[in-house]
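Residue-level structural notes
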Amino acid sequence: MIKNRVNNFIHKNKNKVLFSFDNKKLEGYEGESLASALIANGIKLVGRSFKYHRPRGIIALGSEEPNALVRVNTGDRVEPNIQATQIQIYDGLKVESQNRWPSLKYDFGSIISFFSKSLPAGFYYKTFMWPSSMWKTYEYFIRRIAGLGQAAEIHDDPDKYEHIHSHVDILIVGGGATGIVSGILTANSGLKMIIADENSYLGGSLLTESDIKINSSTSSEWAVKTEKSLEKMENVTILKNSNVFGYHDHNYITIAEKCLNYSFQNSSTKPKQRLWKVRAKKVILAQGLFERPLTISGNDLPGVMLSASVRGYINKYGVLPGKEVVICTNNDDAYRTAIDLNRVGANVKYIVDLRKETSGEILKAIKKIGITVLFEHTITFISGFREVNYVDISSLSPDGKTILNKVKKVKVDLVALSGGWTPSVNLFSQSGGKLIWDNNFSCFKPLTHVQNEITIGGCNGTFDFKNSILETIEKTNLLLKEFKIKKSVNITLNIKTPKLSQTVRSIWNIPSGNKNIARDKAFIDFQNDVVSSDIILASNEGYNSVEHLKRYTTLGMGTDQGKTSNINGIGILSEKLAKKIPEIGTTTFRMPYTPVTFGVIGGKDIKNLFDPIRLTRINPWHKKNKSKFEHVGQWMRAWYYPRKNETMQNSVNREVLNTRNNAGIIDASTLGKIDIKGPDARKFLNMVYTNNWSLIKEGHCKYGIMLKEDGMVMDDGVTSCINDNHFHMTTTTGGASTVMSWLEEWLQTEWPHFKVFLTSVTENWSVISISGPKARAIINDLGCDINLSNENFPFMTFKDGKIDKIPVRIFRISFTGELSYEINTHARYGLQLWEKILKVGQKHQLMPYGTEAMHVLRAEKGFIIVGQETDGSVNPYDLGMDWIISKKKNDFIGKRSLERDLLSKDRKQLVGILTLDPTKVIPEGAHAIEDPNYKLPAKMLGHVTSSYYSPNCNRSIALALLKNGHSRIGETIFFPLLNRELVSAKIVKPVFFDPKGDRLNGI
Amino acid sequence: MEYSFLNISNKKDVNTLSFLKNEEVFSINNKIGLKIKNSGSLNIFNIRGNLLQSMFIKNIKDILSLELSTNVGHFKKNKISILLKIGPDELLLINNKDNFNLMKTLKEKMNKIHFGLTELSDHYQALYLSGEKTRWVLSKGCPINLDENIFLPGHCAQTLLGNSNIILFCTEKNEFTLICVSSYANYILSWLKESSLEHGYKYNN
């Protein structure tokens, strides 16, 4: 047996496993915590503290552990900053300590400790300020030293994480004594329930106490038996190794589960962690209590532990953290630790009790086994090098503020501290519940419940075990009544527990016996190296609010979230300010209650599932023909079609030129399409567009702009009249779903009386646009049965017909300024039709063009793209589109706001930009200035919204939004670029090609 | 000539997923937790109107031989059609046979009331899901209560799966039809496969 093992522990019958800590091979039992296994192997030093690099050991049993943060696994599975208490060991586990170099024992960083007086709380705000020019140098070194733990070098986590939604009647948070009792009552009622606990077994303190009997079994035996019976019940889901980390609105709770059936071997199929998103009709919070340490000088040495955790290691894991022990306490609970230590052969030299006396019957048991109790005494100094060696014990003045006599110096290898108990109220507070201070037990406990939950047992501030069980039964039965459970559910428990006094004496800052004042450190927050003098200093500097105290000192900001430190810190502050603790209050409790990996938060939304990639029906052709793609929202659209040895610019130039000289074809299927039906369709369109829709005839199309209420351009598109009660609206690709939601919201909330129905038909139609002088000839050659002459089929109209038996609806609209036909057909025919058109079009030099060429073609004509020329702060007047604002309509969305904008000066307006050097293409986003001899900060006039090389114009072209742009036509302006180059350009009207629009009807 | 779905005679059986392999199997210990099948071409229509109006209810019943569900989130079916009540004024009609004459009749009969009929066969893609682990897998990405005692056969919902909107309806205890917008079908299929890795899946085209 390993040297620190004792008998009768929960993992006794499990397999032995080998793991390593800092490359040293060690042995443990499968499933026990790493902390337990390290203690079993006699390892006390497990890390170095964050700021001072002080040697640190394990102090606690569970998620309240602030010190033992380690790095586990290797390669791309590395996880830093994991609490050793929260890892279960398995064969082959590799663990490294953190924050030390070159080794844990001989850490170079421990030199910082000697300068600790210069590094109090808040020193960051006072140092590295001068000279300001040196900040970048200081920052380089600070970044290298700062932080705790190191992430994996390879950022490709091979493990899987997932989410799961669950709806239950009851969620019980905490599978300790009260959680299990509540669980039995609920389970027997038949309600659907989840019990969640952060440990790998249910039972909580039932597994860590040796002096509780339930129905003649030990508490541990009862817990194990009860867990097994709960597991068999179909309406019960038990989540072990699961942290309930967030209590959100409407009883929505988030739980991070470490999946029990995961291993490296099955990691390609089984998830490593699962995020449960639980909606519970009722939540029962049964999270228990955290023990607080005492604020004693030297209390951070390895070998100093929380008293109840010591007996937890003995009873649950069968490990003995030390053999020569002094216990220091302010309550009766620590006496139980003394009894357990004595039972397994440790020498408890003294119980040092801050109180004057205790009336608890447990004192008799202590005296019976011959342990000396020193009342109204305290440990005043804990000393040692890398672990605890000695404690100084002194008598206390009645007010607890001064030391009277130093009584003894005692050699120890373990100090167990108990400074009182803090109910775990984090989740209760996250739910919005309000707390009240209990002066008897020196703790905050729940007062006002806001959501549908109850708190039971320790986390409700009920400290006596029997009372907590009785309270649980009563409250759970009351809760079950709300569900109108007809069957009465009872439970009989015959409980035997030691009789403890409930008196607690809180001395927040134990007077120090450390003669070396320079090295005198009584730690409050172990993880962030916050000492008691930091609290005093913060208050002296004016940080008297508990929230300021937290930020200034970093008290409670570590991964333990102040579970063992907050109350002690608040206590010291209250004494400093001579205020009562309720006046100080607590900081805001926020999720996560315990650390949660980004992996489990991300779940499956990574790599190819990060965001849906949407493809059109014609996509197989684009892919086969080696198109390059670009993202347009979630769509992947063909960007350009490079031929052999073509650069992107070559390819785009070719596509643009060919479209204007022959014909081009583009897959425009991604455009948003909304079907509008109803007798009030025109009325509706008149409200959502700025122009007049009352007169548009059947078979005709009209371009429209939509504004938001603030008068700014939101979207644009062409809407066509199929008949008086039926319209087909198009939107931008990226705006499709936004516009649909927008229109539905207005219809349902503002105009419910309108008889209009809207249906998204975006993907019901494939859209193929043919542009260019030969477009008509190509469609004729396809055998289309529509008369395509200008007289029969004028611009901005549409016709229905067939192309080779495929029904089509053809719109004569143009985004290129060329003769264009947008052929709409059922999506299932899209690919077939596309291929047919290309085949027939070959003889007319028809070529596909992508979105980049489309951008160039429309820019040559000065056509805007919403989202490119607009950014939510641009109205139609800015775009020079006064013509699209109806003067006659009484109202439309955004009308009122436009009236405001008419009065404002200096608005940015859309213009064209021609660089003086025609080969120079200004980058999009470049800012315009007036003065070439500018001094910083330069006065900016506006920016470039679109910029391309135009092969049809044989030069660069750009569109820009400039202040008072419309009145600046002809002026010269300048664009300073990032490389310090200054580009000169002239402001022109925003049309660069075919300004009269002659090409629309074909050459 | 007016473009109308009623004129479509060539019922090309091609949907978004038709280009994939015909069958894909991934089993765990020879078990398959989820079966996924491409529905092939379906006729899907969106029907809008005042669903409380007696003329509306009567015409639906007479022409389509289907009762209208009382509550939103339920559906009725007969041998060829399923009628989902997915909103207070919105129905989705799905069938796998040619019923254009019925649609034509419905349109004509409803002429005098405020009514909308929009064909969406290519806008949507449907997948049939079945298997012991169907509910568990769907719960990984669908926030509604899919408990077998709550989301029963005859229930439907407009909801989410992962990052996609879907319409889901339950035909048998562990059998569902999932409808998504066509361009999301590849994502949905990838999502379903990834989510059922721990239990095994089978996909049929």
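Before reading further, recall that the structure is shown in the block above.
The text that follows walks through the structure, step by step, so that each part is easy to find. (Residues numbered from 1 in each chain as written. Chains lettered and ligands numbered in written order. Predicted model: local features only at pLDDT ≥ 70, side-chain atom pairs only at ≥ 80, totals over all residues. Heavy atoms only, no water.)

Along its length, chain A carries 22 helices and 50 strands. If you line up chain A on its principal axes, its C-alpha atoms span 115 × 75 × 55 Å. Considering only contacts in chain A between residues 6 or more positions apart, those separated by 24 or more positions represent 67%. Surface accessibility of chain A: about 41900 Å² in total, with carbon and sulfur atoms responsible for 52%. Here chain A contributes 130 positively and 101 negatively charged side chains, and the mean placements of these two sets differ by 2 Å. (Helix = DSSP H or I, 4+ residues; strand = E, 2+ residues; numbered from the N terminus. Contact = heavy atoms within 4.5 Å. Areas by Shrake-Rupley, 256 points an atom, 1.4 Å probe, with all protein chains shown as cover. Lys, Arg positive; Asp, Glu negative; His and termini not counted. Charge placed at Lys NZ, Arg CZ, Asp CG, Glu CD.)

This paragraph deals with helix α20 (residues 830–841) of chain A. Think of an α-helix as 3.6 residues a turn; residues three or four steps apart then line up on the same face. In this model α20 of chain A runs 16 Å from its N-terminal to its C-terminal C-alpha over 12 residues, within 8% of the 16 Å that 1.5 Å per residue would give. Taken together, the buried positions of α20 of chain A are occupied by Gly-830, Leu-831, Leu-833, Trp-834, Ile-837, Leu-838, Val-840 and Gly-841 of chain A. (Expected span 1.5 Å × (residues − 1). Buried < 20%, exposed > 50% of the residue type's maximum accessible area, 1.4 Å probe, protein only.)

Residue and element names in this part refer to chain A. The strand order β36-β37-β38-β35-β39 describes an open sheet built from 5 strands, whose pairing is antiparallel. Because the sheet does not close on itself, it has two edges, and the strands there are β36 (701–707) and β39 (757–760). Each strand axis lies, on average, 25 degrees off the axis of its neighbour in the sheet, ignoring direction. As judged from the 6 bridges shared by strand β35 (residues 672–677) and strand β38 (residues 726–731), these two strands associate in the antiparallel manner. Opposite Lys-673, over in β38, you have Thr-730 as the bridge partner. Running at roughly 25 degrees to β38, helix α17 (residues 681–688) makes contact with β35, β36, β37 (713–723), β38 and β39 of the sheet. Docked against the sheet, helix α18 (residues 736–749) engages β35, β36, β37, β38 and β39, running at close to 165 degrees with respect to β39. (Pairing = 2+ DSSP bridges. Axes fitted to C-alpha atoms, helices over the stretch in contact; angles between N-to-C directions.)

Assignment of secondary structure puts Leu-671 of chain A in the loop between β34 (663–667) and β35. If we skip the residues at most four places from it in the chain, Leu-671 of chain A touches Thr-731, Thr-732, Thr-733, Thr-762 and Glu-822 of chain A.

Our focus in this paragraph is the interface of chain B and chain A. The interface is formed by 51 residues belonging to chain B together with 58 residues belonging to chain A. Of the roughly 4600 Å² buried between chain B and chain A, counting both surfaces, carbon and sulfur atoms make up 55%. Connecting chain B to chain A are 7 salt bridges. Summed over the shared surface of chain B and chain A, the result is 26 residue pairs in polar contact (both at pLDDT 80 or more). The set of elements that each furnish at least two residues to the side of chain B that touches chain A consists of β3 (43–49), β7 (115–119), α3 (134–139) and α4 (185–195) of chain B. With 6 residues, α4 of chain B is the largest single contributor of residues to the side of chain B that touches chain A. (Buried area = accessible area lost by both parts, 1.4 Å probe. Salt bridge = Lys/Arg side-chain N within 4 Å of Asp/Glu carboxyl O. Polar contact = N/O pair within 3.5 Å; in protein donor to acceptor, adjacent residues only side chain to side chain.)

Attention shifts here to empty space enclosed by the protein. All names here are of chain A. Following the criterion strictly, the structure yields 12 cavities of 30 Å³ or more and no others. In this structure, the second largest cavity spans a volume of roughly 200 Å³. Taken together, 19 residues form the lining of the second largest cavity, with Gln-561, Gly-562, Asn-566, Ile-567 and Phe-589 sitting closest to its centre. Breaking the lining of the second largest cavity down by element, the ones donating at least two residues are β25 (421–423), α11 (546–553) and α12 (566–577). In the lining of the second largest cavity, the residues fall into 10 nonpolar, 7 polar and 2 charged. (1 Å grid on protein atoms, 1.4 Å probe; cavity = no way out; pocket = protein on both sides within 12 Å on 5 of 7 lines; lining within 4 Å. Points joined across faces, edges and corners; volume = space filled by probe spheres on them. Nonpolar A, V, L, I, M, F, W, Y, C, P; charged D, E, K, R; others polar.)

Let us now look at the pattern of salt bridges. For the structure shown, the criterion picks out 63 salt bridges over all chains. In this structure, Glu-194 of chain B engages Lys-604 of chain A in a salt bridge whose closest nitrogen and oxygen atoms are separated by 3.9 Å. With Glu-194 of chain B in helix α4 and Lys-604 of chain A in the loop between α14 (598–602) and α15 (619–624), the pair connects residues from two separate chains. Take Lys-604 of chain A: its relative accessible area is 10%, and that puts it in the buried class. Taking the shortest distance from any N to any O, the salt bridge between Arg-809 of chain A and Asp-800 of chain A comes out at 2.7 Å. This pair shows no difference in class: Arg-809 of chain A is buried, exactly as Asp-800 of chain A is. What you see here is one network of salt bridges that share partners, running through Lys-160, Glu-162, Glu-257, Arg-274 and Lys-604 of chain A together with Lys-140, Glu-194 and Glu-198 of chain B.

Moving on: a negative patch on the surface. A cluster of acidic residues, Glu-709, Asp-710, Glu-745 and Glu-750 of chain A, forms a negative patch on the protein surface. When you line up the elements, Glu-745 of chain A lands in helix α18. (Patch = residues over 30% accessible without salt bridge, like charges linked within 9 Å, V, L, I, M, F, W, Y side chains within 5 Å.)

Time to look at a positive patch on the surface. Residue and element names in this part refer to chain A. A surface patch of like charges, here positive, comprises Lys-213, Lys-466, Lys-496 and Lys-499. Following the sequence through the fold, Lys-213 ends up in strand β10 (residues 213–214). Given the relative accessible area of 37%, Lys-213 is considered partly exposed.

The next thing to look at is the nonpolar core. Soluble globular proteins tend to pack their nonpolar side chains together in the buried interior. The biggest cluster of nonpolar side chains holds 49 residues, and the ones touching the most others in it are Phe-21, Leu-34, Leu-38, Tyr-313, Ile-327, Leu-341 and Ile-351 of chain A. It is helix α1 (residues 34–40) of chain A that provides the largest number of residues to this core, a total of 6 residues. Apart from the residues within four sequence positions on either side, Leu-341 of chain A is in contact with Val-310, Ile-314, Leu-320, Gly-322, Val-325, Ile-327, Ala-346, Val-348 and Leu-414 of chain A. Ranked by size, the runner-up nonpolar core spans 45 residues in total, among them Trp-765 of chain A together with Ile-44, Leu-84 and Ile-179 of chain B. (Core = buried A, V, L, I, M, F, W, Y, C linked by side-chain atoms within 4.5 Å.)

Another point: the side chain of Thr-564 of chain A. You can see Thr-564 of chain A is positioned in the loop between α11 and α12. Among residues more than four places away in sequence, those in contact with Thr-564 of chain A are Glu-64, Pro-66, Glu-291, Arg-292, Pro-293, Leu-306 and Ile-524 of chain A.

This part is about the sheet that holds strand β42 (residues 806–811) of chain A. In any sheet, the strands associate via hydrogen bonds between backbone groups, in a parallel or an antiparallel arrangement. Residue and element names in this part refer to chain A. Reading across from one edge, β41-β42-β43-β40-β34-β44 is the order of the 6 strands in this open sheet, with mixed pairing throughout. Two strands lie at the open edges of the sheet, namely β41 (798–803) and β44 (846–848), each paired on one side alone. Direction aside, the axes of adjacent strands within the sheet are offset by 25 degrees on average. Strand direction decides the pairing type here: strand β40 (residues 765–771) and strand β43 (residues 820–826), joined by 7 bridges, are antiparallel. Across the sheet, Val-767 pairs through a bridge with Asn-824, a residue of β43. Where α20 meets the sheet, it contacts β34, β40, β41, β42, β43 and β44, and its direction lies at approximately 15 degrees from that of β40.

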